[in-house]
Amino acid sequence: MNKLTQRIDKERLLLGIAAPLLAIVAALVVTTVVILATGKDPGAAFSDMATYGFASDSQVYILNKATTYYLAGVAVAIGFRMNLFNIGVDGQYRLAAFIAAVLGGALTVPGWLAIPLIIICAMATGALWAAIAGVLKVSRGVSEVISTIMLNSIATAIIAYLLQPGKLGQLDQAGTLVSTKPLPSSSYFFSFDTGPAGELWGFIVVAVLVGIAYWFVLGRTRFGFDLRTVGQSESAASASGVSVKKMIATSMIISGAVAGLIGMPTLLNDSHQFSNDFPAGIGFTGIAIALLGRNHPIGIALGALLWGFLERTTNHLEFQGYDKEILGVIQGVIVLCVVIAYEVVRRYGMKRQQQKVGAELAAQAAAATKKQEVA
Amino acid sequence: MTATMTDAPPPAAPKAEGAPRRSGRSLGMTLMIVAGALLLLAAVRMITGANQLDSAGQVGAALGLAVPIGLAGLAGLWSERAGVVNIGLEGMMILGTFGAGWVGWQTSPWLGLLCGIGFGVLGGLVHAVATVTFGVDHIVSGVAVNLLALGATQYLAKLFFAEGEASEAGGNPKQSPPAESLPHVTVPGLSDALASVEKHHWFLVSDLAGIVGGLITNLSVVTIIAVLLFIGSWWLLWRTPFGLRLRSCGENPTAAESLGVDVYRYKYAAVAVSGGLAGLGGAFLALVTSHTYLEGQTGGRGYIGLAAMIFGNWRPGGLAMGAGLFGYSDALQLRNGGVTVHALLLLLVVLLALLAGWKLYKKALLQGVISAVMAVLVLVWYLLTDEVPSDFVGATPYVVTLLVLSLSAQRLRMPKADGMRYRKGQGK
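What counts as what
Residues numbered from 1 in each chain as written. Chains lettered and ligands numbered in written order. Predicted model: local features only at pLDDT ≥ 70, side-chain atom pairs only at ≥ 80, totals over all residues. Heavy atoms only, no water. Helix = DSSP H or I, 4+ residues; strand = E, 2+ residues; numbered from the N terminus. Rg over C-alpha atoms; globule rule 2.2 N^0.38 Å. Buried < 20%, exposed > 50% of the residue type's maximum accessible area, 1.4 Å probe, protein only. Contact = heavy atoms within 4.5 Å. Lys, Arg positive; Asp, Glu negative; His and termini not counted. Charge placed at Lys NZ, Arg CZ, Asp CG, Glu CD. Phe/Tyr/Trp six-rings, centres within 6.5 Å; stacked < 30°, edge-to-face > 60°. Buried area = accessible area lost by both parts, 1.4 Å probe. Salt bridge = Lys/Arg side-chain N within 4 Å of Asp/Glu carboxyl O. Polar contact = N/O pair within 3.5 Å; in protein donor to acceptor, adjacent residues only side chain to side chain. Expected span 1.5 Å × (residues − 1).

J.: Hey, could you run me through the overall build of chain B in this one?
T.: The number of helices and strands found in chain B is 18 helices and two strands. For 428 residues, the compact-globule formula gives about 22 Å, and the C-alpha radius of gyration of chain B, at 23 Å, lands near that figure. Counting only C-alpha atoms and orienting by the principal axes, one finds that chain B spans roughly 75 × 60 × 40 Å. The buried share among the 428 residues of chain B stands at 48%. The contacts in chain B between residues at least 6 apart in sequence include a share of 78% that link residues at least 24 apart. One way to put it: in chain B the 27 positive side-chain charges average out to a point 15 Å from where the 22 negative ones average out.

Laid out in structure tokens, this is it:
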């Protein structure tokens, strides 16, 4: 018996890896075809991506990017684990980063106090913004998909209104960029100096901690168990005494709080202010990465790294005479292939399992009849 | 639904719903509501003096902005009635804008329109393959379609519009060269007459003239096509055997299967039509609203269309109303919106006060009090300011959608098997 479970687990692991591999291979094939169709050499493009992507300065860049993407992926994944589509991560993180930047610019307390305050403020803002969608869902039955899309646009309007010279924004010297008051240098987050390769943002530590907390809470606590139960069957969850409504609201709020962290690496380690060119649309990147990583803490990390790698290397392709817009095609194909591959692999695994169980039952039955015949 | 209810229906079940009661309201009621709304609008216009509220220009602009949203919503209606949630509408619209811009500038805009539809259908087929054949979660697949459409069009636009002949004609990586315009229709004589009536700002008469004038002046042919598509979709989905079967796939595919309906084929057809309609919506943006394909032209209208459809309770009439609402508030932003939206605040006060009175009459104390407090707050806002900031004007449709959905979501009823995975021969 023990042997059997071991074998199934190994098979499940294989099947688990098969899907993303299948997707990446498919994406490679499609990309090759696309590049060939434009009459250029795909081989040189791939080798350029590989050599450039593994250079040390690229690696630092990719890790920095992946820090942001990882947080976005986790924020989305928390919702996904209980069948909630938090499309509003995008608005949540932008509003959170904006409010936190305003607070950070106004604070005059020492850094050891200011940084936690900024981070907590961002998490609270994200949580509050997500809570609107959560409360509307449990109290009024509004689909979170639609309400979060609306909240994204409302967040954009609020930021546009407040981020104006004379309100909470100020014009820079060139007169092109409106931004919030910059953070004092005491409020900068620490970073690792890697010499000529550039600075590795210290926020990567926070991202790792968030990943560990995500794994622990979902996989090792009562709360996480309840959350996953609600995701798989609401009726089963409520039958076992879980308040489904409370779980929906809570997980939406947690998802929003993590979403609030997304803008922090950029704010505390890089830009130190919120301007109208603050990165947007990372919430949607987070959806893609959560799908890619199958909501698994390590899977999401791999997805985030892959996204950072693709972004870095396709940008460089421009210098080799290729079009950097190929990035969107690769990313789109990967996500589409991944979701299809997961489904195909899931079906295949289920069929194998059914066959195995069927074979076992048949063997048992055969053995039983044999015994009867003997007796 | 509890188990006892399905297992043992009471023999003399009361006939709750009589045969002719279809969409809830009779024609007379609807007309009464429309008339009441008109009176209210006219009164608010007279009190506030915001003549833009229902001028022909405002109504015309609203109609132009409502069409792409309405087409996206209609696209959503087709696919969701067949049980496939289509959040990939945005991507299909993007494909439509690209197709229309690409063929439109090289040949005639009519071919561009067709190409936009064709590209939309392609996007729809990708979504159908993922959701129907492979059983991928519908929202997941929709998000993937959006990503892929955006990436593909950006790449193709760089290839097709940035070099050679196209770039000489005014194209660049984010924009196609301009296409010729599609014809516009104005009812001769009547338009001018209505415009002169409107200028007098008479109570109710000018309001009517403004609205009707806006609807018949300088009307794009594609708008007329869109209206016909709305009527055609309603007829096809609710008045023909084909429509009944298609909707049965969205309500209970297993039952449909047991009656011999090829559920897969119907779902494929519905999602392909859905893609085509979304593509047409995109083509409208590229060829009528502007004359080029522009990156980011859709601006989330696919999502808004979806919201309009939910707002309209998965019915064409309600969807058209929702699209009109979005178009109207979009138009406000373009045309001196701050003052007009400020006038609309007063309308909101009246509506909230009415709601409060109704709820109190119904003895729903808490809701009544909340509505009353909201009414007072909005009234204070109205009295203390002269204008609503333009950034908030842009957010009006989103806030209105949230409000309407939170007030009415419980009365909405989506197709029962909407978004569910269906496998042939595996129904219980």
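Once the structure has been displayed, the description carries forward.
J.: Help me out: how do you make sense of the packing of aromatic side chains in this one?
T.: Two descriptors summarise a pair of aromatic rings, namely the distance from one centre to the other and the angle between the planes of the rings. Under the defined criterion, the tally for this structure stands at 19 aromatic pairs over all chains. Judged by centre distance (4.6 Å) and plane angle (25 degrees), the rings of Phe274(A) and Phe278(A) are stacked. Judged by its relative accessible area of 4%, Phe274(A) is buried. Take Phe278(A): its relative accessible area is 8%, and that puts it in the buried class. Aromatic rings pair up to connect Phe98(B), Trp102(B), Phe119(B), Phe160(B), Phe161(B) and Tyr293(B) into one cluster.

J.: For this particular structure, what's the right way to read the interface of chain B and chain A?
T.: Frequently, the measure chosen for interface size is the accessible area removed from exposure when the parts meet. Facing the 42 residues of chain B at the interface are 43 residues of chain A. Between chain B and chain A, the buried area comes to about 3,700 Å², and carbon and sulfur atoms account for 76% of it. The interface formed by chain B and chain A holds four salt bridges in total. Between Lys158(B) and Asp323(A) there is a salt bridge, with its nearest N and O atoms 3.3 Å apart. The interface formed by chain B and chain A includes six residue pairs in polar contact (both at pLDDT 80 or more). Within the residue set of the side of chain B that touches chain A, elements represented by two or more residues are helix 5 (109-133), helix 6 (138-161), helix 14 (301-311) and helix 18 (390-408) of chain B.

J.: Mind showing me how you'd approach helix 10 (residues 221-239) of chain B here?
T.: Residues and elements named next belong to chain B. For helix 10, which comprises 19 residues, the first-to-last C-alpha distance of 26 Å matches the rise-based estimate of 27 Å (1.5 Å per residue) to within 8%. Residues Val221, Val222, Thr223, Ala226, Phe230, Ser233, Leu237 and Trp238 constitute the buried set of helix 10. On the buried face of helix 10, the contacting elements are helix 3 (56-81), helix 5, strand 2 (219-220), helix 11 (241-251), helix 13 (263-289) and helix 15 (316-334).

J.: I keep staring at helix 4 (residues 89-106) of chain B and nothing clicks. Help me out?
T.: Each full turn of the α-helix corresponds to 3.6 residues, which orients residues three or four apart in the same direction. With 18 residues, helix 4 of chain B extends 26 Å from end C-alpha to end C-alpha; this agrees with the ideal 26 Å at 1.5 Å per step. The buried fraction of helix 4 of chain B is high, at 16 of 18 residues.

J.: Explain the pattern of salt bridges to me, please; I cannot follow it from the model alone.
T.: Any two side chains of opposite charge can pair, given that their charged atoms come close. Enumeration according to the criterion identifies 15 salt bridges over all chains in this entry. Between Glu251(B) and Arg81(B) there is a salt bridge, with its nearest N and O atoms 3.6 Å apart. Of the two residues, Glu251(B) is situated in helix 11 and Arg81(B) in helix 3; the sequence distance between them amounts to 170 residues. Using a relative accessible area of 24% as the deciding quantity, one classes Glu251(B) as partly exposed. Take Arg81(B): its relative accessible area is 7%, and that puts it in the buried class. Among the charged side chains, a salt-bridge network with shared partners connects Lys40(A), Glu318(A), Asp323(A), Glu325(A) and Lys158(B).

J.: I'm lost on unusual backbone geometry in this one. Help?
T.: What is expected of a backbone is that most residues other than glycine have negative phi and most peptide bonds are trans. All names here are of chain A. Despite not being glycine, His272 shows a phi value in the positive range, around 60 degrees. One can find His272 in the loop between helix 11 (264-271) and helix 12 (282-292). You will see that Asn295, though not glycine, has its phi angle at about 60 degrees, which is positive.

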